[in-house]
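# Structural description and commentary
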Number of protein chains: 2
Amino acid sequence: MSTSHTINGNRLLLRLEEFARIGATAKGGVNRQALTELDRRARRLLTELARARGFSVFQDPAANLFVRREGRDADLPPLLIGSHLDSQPTGGRFDGALGTLAAYEVLESLEDKGIETECPVEVVAWMNEEGCRFAPGCMGSSAFAAGAIPQSWATIISTDGSSLKEELAATLEALPEAAMRPLGFPVAAYLEVHIEQGPSLEKEGIPIGIVTGIQGTRWLEVKVTGQAAHAGTTGLEYRRDPMRALSEALAELFGTVMPQDERARFTVGQMTLSPGAVNAIPEIACCTVDARHVETGLLDSLVKRIGEVLKRHAETNGCTVELRETFNMAPATFPSGMLDVLSSAAETAGLQSKKILSGAFHDALFVNRVAPSAMIFVPCRDGLSHNEAEFVEPDWSIAGGSMLFSAVMELLARRGSAGSGALEGETPK
Amino acid sequence: MSTSHTINGNRLLLRLEEFARIGATAKGGVNRQALTELDRRARRLLTELARARGFSVFQDPAANLFVRREGRDADLPPLLIGSHLDSQPTGGRFDGALGTLAAYEVLESLEDKGIETECPVEVVAWMNEEGCRFAPGCMGSSAFAAGAIPQSWATIISTDGSSLKEELAATLEALPEAAMRPLGFPVAAYLEVHIEQGPSLEKEGIPIGIVTGIQGTRWLEVKVTGQAAHAGTTGLEYRRDPMRALSEALAELFGTVMPQDERARFTVGQMTLSPGAVNAIPEIACCTVDARHVETGLLDSLVKRIGEVLKRHAETNGCTVELRETFNMAPATFPSGMLDVLSSAAETAGLQSKKILSGAFHDALFVNRVAPSAMIFVPCRDGLSHNEAEFVEPDWSIAGGSMLFSAVMELLARRGSAGSGALEGETPK
């Protein structure tokens, strides 16, 4: 690993400790939900660290927080790096924080080494990635990508009864030293480090995942209606059992969807039968479906097929089926140029890497709509996340920071001194 | 239909009306749960009617109520006919009441016609057949068959917080004119009229079902344990999905159990997934199984097979399965001699009949353990029961009463004047 690409690993680990104290839980995790007083404390800490180092700090109307290190040409779109600082209610210390603090470590390392960049480099902490206090998630990054705050935000109420509008205003007011800037602006490229939230890197002992894309997700509510009847007295010819229809349909889908296409995901996480008596054929069998695929066309086909299989088994059993889509997030594929940058950066940094697909949403999915983006995964123990026991080995955290630094250097080099390089025009639709 | 076998149909219909007023609900049904004040009123009414007709009335320590018409030989075991007078909380007018009042109508018809019988004939109203206020059901008939009150009764508390022991004592005290007799005594034979609680007689337009037996029932609680994980980020090789295991097992069972054996019943009435998030592979999938068969050996095989199929699919999916049996009621097959009696009786009465299997439990199941028993079903509209809309056409009620009268005459004839006939020794184990 060349010295010029080395970050200050110990400082990164100390920063992770420092931020983990804000909202620390008894079990060693973090409860620092979006737009709470604890979230504001984390934003304040980052701001104070940044100002002490001479960086400027901005926030936008969606309470996205930016730390800017100036480039030679202040008019060039900045290179953006970061993640989020909010957590799940019983979350871990690394989900979001690692990406934000690794990005800030890169900024400090650039400063330490006196590296001048053509374009500015900015660290971002996106507002409310988790979506657990205020739904949905990725609020800050999606508003940034859209260039506007959705009207729906005006009426969103949190799980604790607070209004998003008021908590957003209070959060912005709590940081008067961060200058306001408009929502959305040109970005040269975006890079995000994140924990994998799955076990594959750890199991293979590979420290760096180069994320090729993020699966699209569709959520369905399935309702199969038959006829409630006595489990014992009803003759076979009179049984119209929605549970039989649903079991058969789900078994067919489980038995074909993923075996036939290893990039597809089909999950049933909720199920209810009503009236719900042990000795009654149910009238109604309901379940949810979470369907994912990285390719839009194949995700559409999968959802269509789910509907057809359900309909066929419902009809065979004298039942009817209704489907309602409750969530639809299109897949993202990160630009090949950005993946090349990451591959080169891993090589330069001497870090083993593998291509990996993200099954979870991340802010990068939304930023990728307006700027070439890419993500770097690091392993987390047992794939555990959204859990107070979430843990990232110190070496893995440092590897993530080193990889990000290397990728930033690679990107800056490719963009050249003119600030306009190979990545221009690659922004996906 | 020969005149000698004709009951007073209008009187039976009036009696049904009269009893339906005790606990009548706004929707035309009945709420007359076991051992309530309303149940006591129904018992009192039957007692008053009986005493006015010169019949004697008895009760036993389980609050089973008996109306006795003496035979020539008072020492002979009585021929017992009846059903129950308690109802579901939102029950119908016919479930139980029809069988009890049809039996009482037979007793009055014998009296009307001055028919002398060798053995006494007794009407019985069994205590708490429904089991909804105090669980389990068929309390009176099962205690009668066992010849003892189970110790467990001492601590049973009703859904409204009353003690079974106290309500039983108060019910017995409320009817001082009914002489106490010991629990359990020799019975020549037992006959019970009941509504089908299923649609088959009505659909085929047949007024009488000759019940060949009552299915045995086993209830299982199934718990399949896998590993909770993110619906998107978890690689296929790390998925241990209990919902997939359960869907596949249930689909296999639904697809084979009943298609292969039309006398088997397999029902899943309750199901829960936990933690129950739309975007999480569940850790645990639980469901209930209601398995029924009229043959003990085949029911045992079915339950064994259910366990094997669940275990196989659990293992295939990296999960484990636990089974817990929460209810086990052995099947009953009514003696062939009793079925012959009913077939002859239907012919004599000029009533079309078909053999039918009961999917629900009835008091006759328990009485059959100590005396040759049989049941007569009549159609109910749309198979609806345990419902205030439960309805039996007047002609069907009268057909049930006529059939019972005919069967009583047939039984008495077969037993002959010595009071010891073809049915002796047929009592099943």
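Throughout, a residue's number is its position along its own chain's written sequence, starting from 1. Naming scheme: in the order in which they are written, chains are lettered from A and ligands are numbered from 1. Local features in this predicted model are restricted to residues whose pLDDT is 70 or higher, and side-chain atom pairs enter the listing and the counts only when it is 80 or higher, whereas totals over whole chains, interfaces and linings include all residues. Only hydrogens and water are set aside when side-chain values are computed; all heavy atoms of the structure are taken into account.

### Concerning the overall build of chain A
- Runs of H or I in DSSP of at least four residues are treated as helices and runs of E of at least two as strands, each being numbered from the N terminus. Each helix and strand counted, chain A has eleven helices and 17 strands in total.
- The size measure is the radius of gyration over C-alpha atoms, and the globule rule it meets is 2.2 Å times the number of residues to the 0.38 power. In terms of overall dimensions, chain A is globule-like: its C-alpha atoms have a radius of gyration of 24 Å, near the 22 Å expected for 429 residues.
- Across its three principal directions, the C-alpha atoms of chain A cover 85 × 45 × 40 Å.
- When the 429 residues of chain A are sorted by exposure, 60% land in the buried category.
- The contact criterion used is simple: two residues touch if any of their non-hydrogen atoms lie within 4.5 Å. Residue pairs in contact within chain A that sit at least 24 positions apart in sequence constitute 80% of those at least 6 positions apart.
- Throughout, the Shrake-Rupley method with a 1.4 Å probe supplies accessible areas, and for residues the shown protein chains are the sole cover considered. Of the roughly 15,600 Å² that chain A leaves accessible, carbon and sulfur atoms contribute 50%.
- Between the centroid of the 40 positive side chains of chain A and the centroid of its 55 negative side chains there is a distance of 2 Å. Burial here depends on accessible area, computed with a 1.4 Å probe over protein chains only, as a share of the maximum for the residue type. Under 20% is buried, over 50% is exposed, and the range in between is partly exposed. Asp and Glu count as negative and Lys and Arg as positive, but His and the ends of the chain are not part of the count. Here the site of a charge means NZ on Lys, CZ on Arg, CG on Asp, or CD on Glu.

### Re helix H11 (residues 394-415) of chain A
- For H11 of chain A, spanning 22 residues, the distance from its first C-alpha to its last is 32 Å, which sits close to the expected 32 Å at 1.5 Å a residue.
- Judged by how many residues are buried, H11 of chain A sits mostly within the fold: 16 of 22 residues are covered. Given a helix with a known number of residues, its expected span is that number minus one, times 1.5 Å.

### Considerations on the interface of chain A and chain B
- With 51 residues of chain A in contact, the opposing surface of chain B contributes 51 residues.
- Each of two parts loses accessible area, computed with a 1.4 Å probe, when they are put together; buried area is these two losses added. Summed over both sides, the interface between chain A and chain B buries roughly 4,100 Å², with carbon and sulfur atoms accounting for 63% of that surface.
- Here, a salt bridge means any Lys or Arg side-chain nitrogen found within 4 Å of an Asp or Glu carboxyl oxygen. The interface formed by chain A and chain B holds zero salt bridges in total.
- For the side of chain A that touches chain B, the elements supplying multiple residues, two or more each, are helix H6 (200-204), helix H7 (242-260), strand S10 (265-267), strand S11 (271-274), strand S12 (280-281) and strand S13 (284-293) of chain A.
- Residues that form the side of chain A that touches chain B fall into these classes: 22 nonpolar, 19 polar and ten charged. Each residue receives one of three labels: charged for Asp, Glu, Lys and Arg, nonpolar for Ala, Val, Leu, Ile, Met, Phe, Trp, Tyr, Cys and Pro, and polar for the others, Gly being one of them.

### Describing the pattern of salt bridges
- Applying the stated criterion across every chain, the model contains 64 salt bridges over all chains.
- With its nearest N and O atoms 2.5 Å apart, the salt bridge here joins glutamate 167 of chain A to arginine 133 of chain A. Here glutamate 167 of chain A is found in helix H5 (residues 164-173), whereas its partner arginine 133 of chain A is found in the loop between strand S4 (121-126) and helix H4 (139-146), with 34 residues between them in sequence. Assigned by exposure class, glutamate 167 of chain A and arginine 133 of chain A land together as buried.
- Aspartate 112 of chain B serves as the salt-bridge partner of arginine 53 of chain B, at 2.7 Å between the closest nitrogen and oxygen. Here aspartate 112 of chain B lies in helix H3 (residues 97-112) and arginine 53 of chain B lies in the loop between helix H2 (37-52) and strand S1 (56-59), a separation of 59 residues in the sequence.
- Judged by relative accessible area, which is 26%, arginine 53 of chain B ranks as partly exposed.

### Describing the side chain of aspartate 290 of chain B
- Here aspartate 290 of chain B is to be found in strand S13 (residues 284-293).
- Aspartate 290 of chain B sits in the buried class, given a relative accessible area of 0%.
- A polar atom in the side chain of aspartate 290 of chain B sits 2.8 Å from the side chain of tryptophan 219 of chain B.
- When residues no more than four places from it in sequence are discounted, the contact partners of aspartate 290 of chain B are Ala231, Val278 and Asn279 of chain A together with Thr217, Arg218, Trp219, Arg265, Phe266 and Thr267 of chain B. For this analysis, a polar contact is any N or O atom pair within 3.5 Å, provided that within protein one partner can donate a hydrogen and the other can accept it, and provided that sequence-adjacent residues contribute only side-chain to side-chain pairs.

### Brief notes about the domain arrangement of chain A
Residue and element names in this part refer to chain A.
- Residue ranges assigned to the domains are those given by an automatic or database domain assignment. We note that the domain assignment places domain 1 (3-214 + 332-415) and domain 2 (216-329) within chain A.
- With ten residues of domain 1 in contact, the opposing surface of domain 2 contributes six residues.
- For the pair domain 1 and domain 2, the two sides together bury roughly 590 Å², of which 70% comes from carbon and sulfur.
- Per-residue buried area on domain 1 facing domain 2 is highest for Ile214, Leu357 and Phe361; these three make up 60% of the total on that side.
- At the boundary of domain 1 with domain 2, the tally comes to zero salt bridges.
- Counting residues per element, the ones that place at least two in the side of domain 1 that touches domain 2 are strand S7 (208-214), strand S15 (332-333) and helix H10 (363-367).
- Considered class by class, the residues forming the side of domain 1 that touches domain 2 number seven nonpolar, three polar and no charged.

### Concerning the UniProt feature "domain: Peptidase M20 dimerisation" (unreviewed entry) in chain A
- Residues annotated by UniProt as "domain: Peptidase M20 dimerisation" (unreviewed entry) correspond here to residues 213-315 of chain A.
- Between the end C-alpha atoms of residues 213-315 of chain A there is a gap of 38 Å, over a span that is 38% helix and 32% strand. UniProt positions are given in the numbering used here, feature names are shortened, and annotations may be inferred rather than shown by experiment.

### Things to note about the pairing of S7 of chain A
All names here are of chain A.
- Taking burial as the measure, the seven residues of S7 include six buried ones, the bulk of the element.
- Here S7 runs beside strand S17 (residues 373-378); their pairing, made up of three bridges, is antiparallel. Paired with isoleucine 210 across the strands is isoleucine 376, a residue of S17.
- In this description, strands pair whenever DSSP reports at least two bridges between them. Bridge count for S7 against S15 is two bridges, and the pairing is antiparallel. Each residue of the ladder has a partner; that of glycine 213, found in S15, is threonine 333.

### Quick notes on unusual backbone geometry
- The omega torsion of the bond from alanine 135 of chain A to proline 136 of chain A falls at 0 degrees, within 30 degrees of zero and hence cis.
- Summarising the element assignment, proline 136 of chain A is placed in the loop between S4 and H4.
- Positioned with a positive phi, asparagine 128 of chain B is a non-glycine residue whose angle comes to about 45 degrees.
- Not every positive phi belongs to a glycine, and cysteine 138 of chain B is a case in point at roughly 50 degrees.
- Inspection of the secondary structure puts cysteine 138 of chain B in the loop between strand S4 (121-126) and helix H4 (139-146).

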